[in-house]
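Here is what each chain is made of, one letter per residue.
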Amino acid sequence: MGLSLPHLIVLALVVLVLFGRGRISEMMGDFGKGIKSFKEGMAEETKPAPPAQQIAPPSANTQATLNGETVVDSSNPSQPQ
């Protein structure tokens, strides 16, 4: 028991009467724009991201200052305090 051609025609007429021709074409246009946006988003996702820049670690001789005072990092036991 499926939908036959006469059932589909009646269903199409009911939808056309309820929504009107302009509203249906507007919805289809919005649907098409949504698909296009989705495809563009998927294409952007597959492009490789540029490599991140590496930040060089600070040298052992640098000292941090805070308000003119030298700050010592006590969490690193290898550095003398």
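The model shown is predicted, which means the values in this text are computed figures rather than measured ones. (Residues numbered from 1 in each chain as written. Predicted model: local features only at pLDDT ≥ 70, side-chain atom pairs only at ≥ 80, totals over all residues. Heavy atoms only, no water.)

(A) Region of interest: the overall build of the protein. Within the protein, the regular secondary structure consists of two helices and two strands. Starting at the N terminus and walking to the C terminus, you meet the elements of the protein as α-α-β-β. By the burial criterion, 0% of the 81 residues in the protein qualify as buried. (Helix = DSSP H or I, 4+ residues; strand = E, 2+ residues; numbered from the N terminus. Buried < 20%, exposed > 50% of the residue type's maximum accessible area, 1.4 Å probe, protein only.)

(B) Structural detail: the confidence of the model for the protein. Scored by pLDDT, the protein has a mean of 78; 74% of the residues are at 70 or more. By mean pLDDT, the top-scoring element of the protein is helix 1 (residues 5-19) (90), and the lowest-scoring one is strand 1 (residues 64-66) (70). (pLDDT = per-residue confidence, 0-100.)

(C) Just the packing of helix 1 against helix 2 (residues 21-46), in detail. Across the interface, helix 1 lies against helix 2 with an axial gap of 6 Å and an inter-helix angle of 95°. Here helix 2 runs roughly perpendicular to helix 1, going by the angle between their axes. Listed contacts from helix 2 to Val15, Leu16 and Phe19 of helix 1 are Arg21, Arg23 and Ile24. Its residues assigned to classes, the contact of helix 1 with helix 2 comprises four nonpolar, no polar and two charged. (Axes fitted to C-alpha atoms, helices over the stretch in contact; angles between N-to-C directions. Parallel < 35°, antiparallel > 145°, perpendicular 65-115°, else oblique. Contact = heavy atoms within 4.5 Å. Nonpolar A, V, L, I, M, F, W, Y, C, P; charged D, E, K, R; others polar.)

(D) Examining a nonpolar patch on the surface more closely. A surface patch of nonpolar side chains, amounting to about 750 Å² of accessible area, comprises Leu3, Leu8, Val10, Leu11, Val14, Val15, Leu18 and Phe19. The class for Leu18 is exposed, based on a relative accessible area of 64%. (Patch = residues over 30% accessible without salt bridge, like charges linked within 9 Å, V, L, I, M, F, W, Y side chains within 5 Å. Areas by Shrake-Rupley, 256 points an atom, 1.4 Å probe, with all protein chains shown as cover. Salt bridge = Lys/Arg side-chain N within 4 Å of Asp/Glu carboxyl O.)

(E) Spotlight on helix 1. Helix length check: helix 1, at 15 residues, gives a terminal C-alpha distance of 21 Å against a target of 21 Å (1.5 Å per residue), a fit within 8%. Gly20 sits one or two positions beyond helix 1 and adopts a positive phi of about 80°. (Expected span 1.5 Å × (residues − 1).)

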